[in-house]
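Here is what each chain is made of, one letter per residue.
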Amino acid sequence: MTLRKIRVLVGKPGLDGHDRGAKTVASALRDYGMEVIYTGLHQTPEAIAEIAAQEDVDVVGLSILSGAHMALFPRVRAELVKRGMGHVLLTGGGIIPQDDMQALESGGYAKLFGPGTPTEAIAKWIQGEMEKRWKAEGAQS
Amino acid sequence: MNNDARQSNVQSIDARALWQQEFDAAKKRGIEFTSLSGAPLQPLYGPEDVQGEFESQLGYPGSFPYTRGVHPTMYRSRLWTMRQFAGFGSARQTNERFKFLLAHGQTGLSTAFDFPTLMGYDSDHAHSLGEVGQVGVAISSLADMEVLMGGIPMAEVSTSMTINGPAPILLAFYIACGERQGVDPKLLRGTVQNDILKEYQAQHAWLIPAEPALRMITDVMGHCAKHVPQWNTISISGYHIREAGSTAAQELAFTLANGMEYVRRGKAAGLDVDEFAPRLSFFFDSHLDFFEEIAKFRAARRIWARKLRDTFGAKDPRSWMVRFHTQTAGVSLTAQQPENNIVRTAFEALAAVLGGTQSLHTNSMDETLSLPTEKAVKIALRTQQVIAEEIEVAHVIDPLGGSYYVEALTNRLEAEAERYFAEIERRGGVVAATEQGYIQKEIHRSAIAYQAAVERGSKKVVGVNCYVEDEKGPTIELHKIDPAVEREQQQRLAELRRKRDAAKAKRALDDIRDACKGQDNLLERFIAAAHADCTLGEIADVLRAEFGHYKEPKIL
């Protein structure tokens, strides 16, 4: 059960121009009832974290098809933490080899999604994670 | 009509009605019978579905309107050029891959650049961090270009360079590199993609706004017509439009609309259409819908021939011809069960050949996971060689010409393209339509329609939404880029800046700035700057300072 609309920032960090996946996922998450902000292309990690803070989002999803994922995920997270946004659910996808995905996931990043993932699976996963978080927050207060 | 003919006509009408009855009564599989682009398909095509006279719609190969091919002999004289797109890491590593491909029977080179190069940043720029050499080769200077082409005879090999925003700068590096090898620019053969309009629409590696970018393109057309006459100055590309999600008809329409805009700009700059139009080439996607793709290639040739002759007044038949490169569809490949991609690529390559392509890149099976390994690239190249040598399809010109289905599809795609041309015209032309985000929205609409079709199961993808296997871990070996490439590039650039004649480099950049404010040919200034060891980023910075940055319209 979702209490309020989940706010998602879909970001394209770095110089990568492939935005089909980002835009497809952004449109689909809107169809699943989330509020979605799309950063547009060629954003720096700083700019993405800044928008995430301004918009007070719950989730940041990065789409990276440039091979620069090992550099960009940690940089975006560091910039989020700097702005007091370390709590956001940081996820993403793209052309990311499986061992890099595992390395990122075991390094404390959220689940990453590879090519061929149905948008429904991404939406359900985000909803599930947010419900868990909200339930935990509710139990604390 | 004599009695016999009338009799046989009546019989065939009866036969058709009989077939229709049987067809209607029979049970069908419960799926949507549509093309990959979502267009409804009839179960059968016949003479009634094909309008038009043979002479005006098809003609003979090598003659107007070129529906059946641009050469009278097609592959009986010369097979298509097998041209695998390659580039990764440093110039030295890519030079080795080029030599590997040439040694295995590849007949032309095709260069993939990394994102910093595509966006006009040097390898040591802050924006380049983590991206150097990742998706292509890093080329920041003439010195890098010399390493890339080291030991490759530039007068003999034709080279294609996939770059757009800074294309004129990279072309300048290439021309200057040839001059250092002692090769007259008149002997250089190859292609620079240089198609900025589709960058704004689909691929998104741009440098400056549309108007100054189009001026640089006409500068390239003007310079090459005189000094580099065998060079293809623009490869007008549908590939990226399609990969971004468009349908076949949209790919066809937007690509040709962009092409017509370049022709208008060239004419407006005072060039004679027959001086530059023969050096325009095309680049299309070959996707999974076998017949739709073949029809698309045939329609492209016919539309362009008509437009160039009848709308733009070109007199030289070479101006009327669509000569094109094809790449199989990267988006059709799956990360799941990646070996299946070899099969998909083979069908797509076959469609390109039956559609009369001049050159072809076949994707490697591992490209949804990383850049390809040598083994995967070799299988992809061998796929083309099997088509060329073993299956006997290249002996007959336009073998599907006259197929009711393929002719009907060709006509339909031409009509759909014409509807888009009219809409683009209504919006004030292709630049205005792009700045309004219209073309991007059309592509996006098709992309999400396809995704929805896959998710509801009406379009099948083997290994993804049917015949799924539980896969644990990567099943094939992957190619990894060494992060040391970035450091090496940074050191090379520092050394270049230290060793060069600083005053000469500064003068060359000042000359570019002056040319930006005036009318002088920018490509000439870029060649001089290349020889003065100015870097890509330095030249691009002058352009960005003079012309500003491009801002994408918000469509989502």
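Since the structure is predicted, the reported quantities are computational estimates derived from the model, not experimental observations.

Engineer: How should I be thinking about the overall build of chain A in this particular structure?
Structural biologist: Within chain A, the secondary structure is distributed over five helices and five strands. In chain A, the succession of α and β elements from N to C terminus is β-α-β-α-β-α-β-α-β-α. Scaling as 2.2 N^0.38, a compact globule of 141 residues should have a C-alpha radius of gyration of about 14 Å, and chain A matches this with 14 Å. Reported as C-alpha extents along the three principal axes, the dimensions of chain A are approximately 40 × 30 × 30 Å. Across the 141 residues of chain A, 51% fall into the buried class. Taking the intrachain contacts of chain A between residues at least 6 apart in sequence as the baseline, contacts between residues at least 24 apart amount to 72%. Total accessible area computed for chain A in this model is approximately 5,900 Å², and 53% of it derives from carbon and sulfur atoms.

Engineer: Looking at this structure, how should I read the side chain of Asp398 of chain B?
Structural biologist: All names here are of chain B. Its location among the elements puts Asp398 in the loop between helix H15 (374-389) and helix H16 (404-426). Here the side chain of Asp398 touches Arg68 through a polar contact of 2.8 Å, side chain to side chain. Each residue touching Asp398, except ones within four places of it in the same chain, is listed here: Arg68, Arg298 and Leu354.

Engineer: Help me out: how do you make sense of the interface of chain A and chain B in this one?
Structural biologist: Often, the extent of an interface is quoted as the loss of accessible area upon association of its parts. In this assembly, 36 residues from chain A lie in contact with 40 residues from chain B. Each partner contributes to the roughly 2,800 Å² buried at the junction of chain A and chain B, and carbon and sulfur atoms together form 57% of this total. Sorting the residues of chain A by area buried against chain B places Leu15, Arg20 and Lys23 of chain A first, and these three jointly supply 26% of that buried surface. Asp99 of chain A serves as the salt-bridge partner of Lys480 of chain B, at 3.8 Å between the closest nitrogen and oxygen. Counting every contact that joins chain A to chain B gives 10 residue pairs in polar contact (both at pLDDT 80 or more). If you list the elements that add at least two residues to the side of chain A that touches chain B, you get helix H1 (20-31), helix H3 (69-82), helix H4 (98-106) and helix H5 (119-140) of chain A. Tallied by class, residues from the side of chain A that touches chain B come to 13 nonpolar, 14 polar and nine charged.

Engineer: What exactly am I supposed to notice about the sheet that holds strand S9 (residues 324-328) of chain B here?
Structural biologist: Residue and element names in this part refer to chain B. Taken together, the five strands give an open sheet; going across it, the order is S1-S10-S9-S8-S7, and neighbouring strands pair in parallel fashion. Sheet topology places strand S1 (81-82) and strand S7 (234-237) at the edges, where each strand pairs with a single neighbour. Where S1 lies against strand S10 (residues 359-361), two bridges are found, and the strand directions are parallel. Bridging from a neighbouring strand, Thr81 pairs with Ser359 of S10. Against the sheet, helix H12 (residues 290-311) touches strand S8 (280-286) and S9, its axis set at about 160 degrees to S8.

Engineer: Quick question: what am I supposed to make of the packing of aromatic side chains here?
Structural biologist: Aromatic ring pairs are described here by two measures, namely the spacing of the ring centres and the angle between the planes. Residue and element names in this part refer to chain B. This structure, assessed with the given rule, holds 19 aromatic pairs over all chains. It is Lys28 that lies over the ring of Phe23; its NZ or CZ is 4.5 Å from the centre. Seen from the ring of Phe64, Arg309 lies directly overhead, with NZ or CZ sitting 3.7 Å from the centre.

Engineer: Explanation requested: the pattern of salt bridges in the structure shown.
Structural biologist: Residue and element names in this part refer to chain B. Within the structure shown, the criterion is met by 50 salt bridges over all chains. Note that Arg242 is salt-bridged to Glu251, the shortest N-O span being 3.1 Å. Relative accessible area serves as the criterion here: at 2%, Arg242 is assigned to the buried category. Residue Glu251 is classed as buried on the basis of its relative accessible area, which comes to 0%. Between Arg242 and Glu293 there is a salt bridge whose closest N-O contact spans 3.0 Å. Here the residue Arg242 occupies a position in helix H9 (residues 239-243), and Glu293 occupies one in helix H12, the gap between them amounting to 51 residues. When sorted by exposure, Arg242 lands in the same class as Glu293, which is buried.

Engineer: Could you clarify how one ought to interpret the pairing of strand S2 (residues 35-38) of chain A in this entry?
Structural biologist: Along a regular strand, successive side chains alternate from one face of the sheet to the other. All names here are of chain A. Here S2 shows a buried face lined by Val36 and Tyr38 and an unburied face lined by Glu35 and Ile37. As judged from the four bridges shared by strand S1 (residues 7-11) and S2, these two strands associate in the parallel manner. Looking across to S2, one finds that Arg7 is bridged to Glu35.

Engineer: I tried to follow the layout of surface pockets on my own but got confused; where do I start?
Structural biologist: Summary: where empty space remains is shown by rolling a probe the size of a single water molecule over the atoms. Taken as a whole, the second largest pocket spans an internal volume of roughly 680 Å³. Together, 33 residues line the second largest pocket, and Gln98, Met101, Gly114 and Pro115 of chain A together with Gln336 of chain B are the ones closest to its centre. Going through the elements one at a time, H4 and strand S5 (112-113) of chain A are the ones with two or more residues in the lining of the second largest pocket. At four residues, H4 of chain A tops the list of elements feeding residues into the lining of the second largest pocket.

Engineer: Just to check I follow, could you spell out the packing of H12 of chain B against helix H14 (residues 340-354) of chain B for this structure?
Structural biologist: Between two packed helices, both the angle of their axes relative to each other and the distance between the axes serve to describe the pair. Residues and elements named next belong to chain B. The N-to-C vectors of H12 and H14 enclose an angle of 30 degrees; their axes lie 8 Å apart at closest approach. The handedness of the crossing between H12 and H14 is right-handed. Touching Phe290, Glu293, Ile294 and Phe297 of H12 are Phe347, Leu350, Ala351, Ala352 and Leu354, all from H14. Looking at the contact of H12 with H14 residue by residue, the class counts come to eight nonpolar, no polar and one charged.

Engineer: Which parts of the structure should I look at to understand the pairing of strand S3 (residues 109-112) of chain B?
Structural biologist: All names here are of chain B. Here S3 shows two buried faces, one formed by Leu109 and Thr111 and the other by Ser110 and Ala112. Bridge analysis of strand S2 (residues 85-86) against S3 gives two bridges, and the strand direction is parallel. Bridging across to S3, Phe85 finds its partner in Ser110. Where the polypeptide runs from S2 across helix H3 (residues 91-103) and back to S3, its parallel neighbour, the crossover connection is right-handed.

Calculation notes
Residues numbered from 1 in each chain as written. Chains lettered and ligands numbered in written order. Predicted model: local features only at pLDDT ≥ 70, side-chain atom pairs only at ≥ 80, totals over all residues. Heavy atoms only, no water. Helix = DSSP H or I, 4+ residues; strand = E, 2+ residues; numbered from the N terminus. Rg over C-alpha atoms; globule rule 2.2 N^0.38 Å. Buried < 20%, exposed > 50% of the residue type's maximum accessible area, 1.4 Å probe, protein only. Contact = heavy atoms within 4.5 Å. Areas by Shrake-Rupley, 256 points an atom, 1.4 Å probe, with all protein chains shown as cover. Polar contact = N/O pair within 3.5 Å; in protein donor to acceptor, adjacent residues only side chain to side chain. Buried area = accessible area lost by both parts, 1.4 Å probe. Salt bridge = Lys/Arg side-chain N within 4 Å of Asp/Glu carboxyl O. Nonpolar A, V, L, I, M, F, W, Y, C, P; charged D, E, K, R; others polar. Pairing = 2+ DSSP bridges. Axes fitted to C-alpha atoms, helices over the stretch in contact; angles between N-to-C directions. Phe/Tyr/Trp six-rings, centres within 6.5 Å; stacked < 30°, edge-to-face > 60°. Lys NZ or Arg CZ within 6 Å of the ring centre and 35° of its normal. 1 Å grid on protein atoms, 1.4 Å probe; cavity = no way out; pocket = protein on both sides within 12 Å on 5 of 7 lines; lining within 4 Å. Points joined across faces, edges and corners; volume = space filled by probe spheres on them. Left-handed = near helix turned anticlockwise from the far one by under 90°. Right-handed = clockwise from strand over helix to strand, strands pointing away.

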